[in-house]
Amino acid sequence: MSKLTKTSAAADMEPTEERPTDAPSEFLSVRDLKVHFPTDDGVVKSVDGLSFTLEKGKTLGIVGESGSGKSVTSLSILGLHRVGSNRSRNARISGEVWLDGEELISADAARVRDLRGQKMAMIFQDPLTAMHPFFSVGQQIIEAYRVHHPSASKKEARKRTIEMLDRVGIPQPDRRVDDYPHQFSGGMRQRAMIAMALVNDPSLLIADEPTTALDVTVQAQILDLIRDLQKEFGSAVIIITHDLGVVAELADDILVMYGGRCIERGPSETIFEQPQHPYTWGLLGSMPRLDRERTDRLNPVKGSPPSLINLPSGCAFHPRCPYTDLTEGASQTVVPELREVGSRHLAACHLGKADRERIWTEEIAPKL
Amino acid sequence: MTIPQQTTAEGAEPLLKVSGLVKHFPITKGVLRRQVGAVKAVDGLDFEVMPGETLGVVGESGCGKSTMGRLITRLLEPTGGKIEFEGRDITHLGTSAMRPRRRDVQMIFQDPYSSLNPRHTVGTIVSAPFRLQKVETEHGTKKAVQDLLELVGLSPEHYNRYPHEFSGGQRQRIGIARALALKPKLVVADEPVSALDVSIQAQVVNLLDDLQSELGLTYVIIAHDLSVIRHVSDRIAVMYLGKIVEIADRESLYGKPMHPYTTALMSAVPVPDPKRRTQRKRILLTGDVPSPISPPSGCRFHTRCWKATEVCRTVEPPLIALTPAAGHRVACHHPENAPDQAPGETSATAATGGKSVESA
Ligand SMILES: Nc1ncnc2c1ncn2[C@@H]1O[C@H](COP(=O)(O)OP(=O)(O)OP(=O)(O)O)[C@@H](O)[C@H]1O
Ligand SMILES: Nc1ncnc2c1ncn2[C@@H]1O[C@H](COP(=O)(O)OP(=O)(O)O)[C@@H](O)[C@H]1O
Ligand code: SF4
Ligand code: SF4
Ligand SMILES: [Mg+2]
Ligand SMILES: [Mg+2]
């Protein structure tokens, strides 16, 4: 509430584009984001104190099991929790999301709607949820363009749409522009949705499991496309996935989520070569890899993901962690803070440095 | 007079032998339901599965993998070809004649959410095969079901619970318990892990592995994930538009793939190594998979193949062994890692379909 009055007061005095003094210098900065949903069974703490930053031209990969809060994070950055069902409108959100000097959690809904589709855009896992079945693909992209370019003529918008369809590799775009979504294959629908997301050159693009439903061949095309478009437009990209292969292809930095929190974050190469959190080890051990000798057996994390209503005490990962014995009870009782464990590298685990290094080099890495 | 059964070179008899297997789904039109065409979902498959081995089946969406699985488990009636199980022709066995065979061949489905009846308890679901087959168990059905639950890593106390109370991985275990109830010889698993998170996926993969060694099971595992397929399979069949384009043992297929489609699929798999993303060579296939209603002439892959020549457009390459590598068969005129079968042709006429690029 205080935030609200502060920004509107500032706006009254100074209607210029100057940044508020407490605005972070980063392009995107998420600070202590919490998204809680009250339900009949209790409060679902989908996101519980998440912080990260992202610069233009960079890609952040968010990985984690289903239900770890990845999608809720992206929806609340885009303010989509406000337009969802009644159920999700009950969401209790706190923290700050700064995009290019503007705070979005406290901004009014109209302002966020205005930014969405223009400055920030999203690609969903299922293109059919983003595209309306009764309107042609072209009509929908044209509409998305004209909302933010009211002065553009129909003809200009159509030209721009065909350009975008061409850009994302739809064959014969001038003809296919009038097709309906069901006339496109799964891969083409995904590409059309990317065209729609990019039609206004957003500077922040969030892709939530953009390739999960696709064949590897199409997945490779879509990943290349996202990479090329980012190079061309210099946008900031957040890619959300449970597939470590996909983040390794695209991300500069990786954030690993568990139970609504970040448990490890760092540069991609570091996360793959020197991961410091037992859950990240488990993710790597679960994954059969084509680039290595075949192992006889996978080394998955045991058990299943936690309930977000009653997170386990202490470290939420402790019921599944094989190393709790080494922390003298802290794992069960004390929530581990994200601590610096290397250069730009954070992990939330009570294990000492020596233990972590020994376990990784002796027990985990040789089995991958 | 009895003719001694013919055996394969290795001396063992295949558990399952499929020859010329075809499934066309008719497309009808109008009130008279006149047939105007057919979806050629499976269009001539030949392969064998040896006892105790795992045959992996990969290919893009819509290439006929699930249809093949439902044909060999006889959930679908084949349009043509022959399916032999333990040397017996089961291609057209009726329901009653098939009943005793059903015990031997079971299926695990992709979607752990929709393949279990939400109104039935775990006990009812897992014991269904006993009731359908009218099988008596030594210590009663309940004990048998609880043993099965333990076998797949669930707790016997789960007997009275409902599917919605379980996570995706646990539901897949329920499906596996049901499939194993009658001690089948062959289990056909259609995308058994693709709906699961990576850590749960690995748990189920390990479980399938343990069950195979414990119970001596034979698997046909269908998946679109080439990393999972390499991990679980002894031999692998690659399908494209209703046909097998390459079949080989694991080392041979992943070490020396011969079909351009196989190499393209493998090069598309994301490598979980950020350092290498800038160095690797990727074959980008452009264009979508053509319709199985009117598949391309000659080699069905020619519309997307960067090696295609005139002969590819007109002559269908047979699935044959081109090298001494035992059991490695491929259907291609211009294979990789093997002698060219139509050396006179240059790829000057190659389709613009695929291109080989260095990843940026
Ligand atoms: N009952 C049916 N009637 C008509 N066409 C069908 C039927 N079942 C499958 N098909 C078609 O047959 C082809 C092969 O389908 P199938 O389900 O076997 O593919 P798949 O390889 O399992 O694909 P996926 O990877 O998407 O599961 C597809 O074109 C499909 O649309
Ligand atoms: N509107 C809502 N009401 C209650 N719980 C919700 C709502 N939306 C999401 N959740 C819960 O929040 C958790 C995180 O969800 P999500 O972010 O979608 O996970 P994922 O990491 O798979 O994307 C899940 O437990 C989910 O059930
Ligand atoms: S804090 Fe304890 S339980 Fe959590 S990851 Fe570290 S060792 Fe495991
Ligand atoms: S080279 Fe010819 S035969 Fe071989 S896969 Fe390509 S199109 Fe088919
Ligand atoms: Mg999600
Ligand atoms: Mg299928």
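Refer to the structure above for everything that follows.
The sections below set out a description of the structure shown in this document.

Thresholds, definitions, all that
Residues numbered from 1 in each chain as written. Chains lettered and ligands numbered in written order. Predicted model: local features only at pLDDT ≥ 70, side-chain atom pairs only at ≥ 80, totals over all residues. Heavy atoms only, no water. Near = heavy atom within 4 Å. Nonpolar A, V, L, I, M, F, W, Y, C, P; charged D, E, K, R; others polar. Helix = DSSP H or I, 4+ residues; strand = E, 2+ residues; numbered from the N terminus. Buried < 20%, exposed > 50% of the residue type's maximum accessible area, 1.4 Å probe, protein only. Contact = heavy atoms within 4.5 Å. Buried area = accessible area lost by both parts, 1.4 Å probe. Salt bridge = Lys/Arg side-chain N within 4 Å of Asp/Glu carboxyl O. Polar contact = N/O pair within 3.5 Å; in protein donor to acceptor, adjacent residues only side chain to side chain.

Observations concerning the site of ligand 4
Contacts to ligand 4 come from 13 residues, most closely from Cys299(B), Cys305(B), Cys312(B), Cys332(B) and His333(B). When its residues are assigned to classes, the shell around ligand 4 shows 8 nonpolar, 4 polar and 1 charged.

Some remarks on unusual backbone geometry
Residue Arg344(A) is not a glycine yet carries a positive backbone phi of 50°. Position of Arg344(A) relative to the elements: it lies in the loop between strand S11 (339-342) and strand S12 (345-347). Here Asn337(B), not a glycine, exhibits a phi torsion of approximately 55°, which is positive. Residue classification places Asn337(B) among the partly exposed positions, given a relative accessible area of 45%.

Points about the interface of chain B and chain A
Residue-level contacts link 42 residues of chain B with 49 residues of chain A. Between chain B and chain A the total buried area reaches about 4,000 Å² when both faces are included, carbon and sulfur atoms providing 52% of it. Two residues, Arg282(B) and Asp224(A), come together in a salt bridge whose shortest N-O distance is 2.3 Å. Where chain B touches chain A, the interface holds 19 residue pairs in polar contact (both at pLDDT 80 or more). Within the residue set of the side of chain B that touches chain A, elements represented by two or more residues are helix H6 (198-215), helix H7 (226-232), helix H8 (250-255), helix H9 (260-268) and strand S11 (281-285) of chain B. No other element matches H6(B), which puts 9 residues into the side of chain B that touches chain A.

Observations regarding the site of ligand 3
Around ligand 3, a shell composed of His277(A), Pro278(A), Cys315(A), Phe317(A), His318(A), Cys321(A), Thr324(A), Thr327(A), Ser331(A), Cys349(A), His350(A) and Leu351(A) is seen. When the residues that make up the shell around ligand 3 are grouped by side-chain class, the tally is 6 nonpolar, 6 polar and no charged.

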